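Architecture at a glance
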Amino acid sequence: MPRTGQLTHHDLFHFRPHAGAHRVALRAGISVFVPLLAVFLLGHPEWSMYAGFGAFTSLYGRNHVHLSRAAMQASVGTVLVSVIVLGVAVSTLPHAAWVAVPIAGLVAAGASMLSRAQDWHPPGSLFVVFAFGGCASVPHTTADLAPALAVSGLSALFAVVVGAVGGFARGERSTPSRARLHRSWLPLQDAVAASVAGALATASGIGHPYWATVAAVAPLSARGLRGQVTRGIQRVLGTLLGLVTSGLLLSLHLTGVALLLVIAAVQIGAELLVGRNYGIALLVITPLALLMGQTAFQQPAGRLLVDRGVETVIGSAVGLALVVGLNLHRRRRTQT
């Protein structure tokens, strides 16, 4: 038997129970497809990121029902819309890439505190940091602030409605488990991880530095050192393998409704897998992130794949170094 705390292949590759993931996956697929289709039909593909990031609202509250889920999603949706608009505002500033670095740290810390206080599920700051970084990384003007607010707000609201309708249609019981996880991570850890990873990635000159910030905060929402290290390793291995599936899908050069249907399909796949094994889920999460970007601005596939791989390694290294370093520090303090 392995020693307590020792990482094994079981941690990396274990498949947890299905736990009704198909319902969450269907809600997520609808929540992302309809807003993306709407902005496409309106002739504004540049609004796709607002619609997609607002649809992240649908990913929360999978273990909750009725008013409990709606309240959580309303809270998260409000935060997502706020950071989307903030990201657009930051992108209009001179030297926006560097301005975004400390603000991403503050966003990560704030989301982390809210997650703990309101018992978000999934926990942590990952999706909030992703939404801010994604919007801050694309050039905007002040004229984009109003569409960002309107589109992301409507997308988030639609996700709440889809969650509510789905729950009532199934007659879900209104007594979900509210057991809290005793998480060991603190908001300061999220701030440091996001800021350091963002600074390193920005200084490197590689595109999409926000992918590094996302990878850095990804391990911090797991419980305990073993869980955090497992999540960090899964992030790297899963993403690198996910670059293969991403390359295959990007090689199809999909556009229009066909691209949106594939995005909805991989979103469904992500939610079917993420609760069962995070690393394997990244085989579809990785192309999801890359294809979402293609809805607004077509970019060379080769550059996207390289950026994603390098930024993930940078961010994951920062996140893992932080959690291991803090754990060693705590051990030394308890021994003195």
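Scroll up to find the structure.
Being a predicted model, the structure only gives us computed values, none of them experimental. (Residues numbered from 1 in each chain as written. Predicted model: local features only at pLDDT ≥ 70, side-chain atom pairs only at ≥ 80, totals over all residues. Heavy atoms only, no water.)

A short note on the side chain of aspartate 307
Along the chain, the position of aspartate 307 falls in helix 13 (residues 301–335). Here the side chain of aspartate 307 touches histidine 208 through a polar contact of 3.1 Å, side chain to side chain. Apart from residues no more than four positions distant in its own chain, aspartate 307 is found in contact with Ile206, Gly207, His208 and Trp211. (Helix = DSSP H or I, 4+ residues; strand = E, 2+ residues; numbered from the N terminus. Polar contact = N/O pair within 3.5 Å; in protein donor to acceptor, adjacent residues only side chain to side chain. Contact = heavy atoms within 4.5 Å.)

Side note on the packing of aromatic side chains
Considering all chains together, one arrives at eight aromatic pairs under this definition. When the ring of phenylalanine 130 is compared with that of tyrosine 210, the centres are 5.9 Å apart and the planes differ by 25°; the resulting orientation is stacked. With a gap of 80 residues between them, phenylalanine 130 in helix 6 (residues 126–136) and tyrosine 210 in helix 9 (residues 210–217) connect regions that are remote in the sequence. Using a relative accessible area of 13% as the deciding quantity, one classes tyrosine 210 as buried. By the ring-pair criterion, three or more aromatic residues cluster together here, those being Phe53, Phe56, Tyr60, Trp120, Phe127, Phe130, Tyr210 and Trp211. The ring of tyrosine 278 carries arginine 231 above its face, with NZ or CZ at 4.4 Å from the centroid. Across the ring face of tryptophan 211, the terminal group of arginine 308 is positioned such that the distance to the ring centre comes to 5.2 Å. (Phe/Tyr/Trp six-rings, centres within 6.5 Å; stacked < 30°, edge-to-face > 60°. Buried < 20%, exposed > 50% of the residue type's maximum accessible area, 1.4 Å probe, protein only. Lys NZ or Arg CZ within 6 Å of the ring centre and 35° of its normal.)

Notes on the pattern of salt bridges
As enumerated under the stated definition, the model contains one salt bridge in all. For the salt bridge of arginine 303 with aspartate 307, the shortest nitrogen-to-oxygen distance reads 3.1 Å. Of this pair, arginine 303 and aspartate 307 both sit in helix 13, four residues apart, which is roughly one turn of the helix. The partly exposed category is assigned to arginine 303, whose relative accessible area is 46%. (Salt bridge = Lys/Arg side-chain N within 4 Å of Asp/Glu carboxyl O.)

Here we look at the packing of helix 10 (residues 224–250) against helix 12 (residues 278–296)
Look at helix 10 against helix 12: their axes get within 6 Å of each other, and the N-to-C directions meet at 50°. The orientation of helix 10 with respect to helix 12, classified from their angle, is oblique. Seen along the crossing, helix 10 lies across helix 12 with a hand that is right-handed. Contact with helix 10, carried on its side by Arg231, Gln234, Arg235, Gly238, Thr239, Leu241, Gly242, Leu243, Thr245, Ser246, Leu249 and Leu250, involves Tyr278, Gly279, Leu282, Leu283, Thr286, Pro287, Leu290, Leu291 and Gln294 of helix 12 and no other residues of that element. Class assignment of the residues belonging to the contact of helix 10 with helix 12 gives a composition of 10 nonpolar, nine polar and two charged. (Axes fitted to C-alpha atoms, helices over the stretch in contact; angles between N-to-C directions. Parallel < 35°, antiparallel > 145°, perpendicular 65-115°, else oblique. Left-handed = near helix turned anticlockwise from the far one by under 90°. Nonpolar A, V, L, I, M, F, W, Y, C, P; charged D, E, K, R; others polar.)

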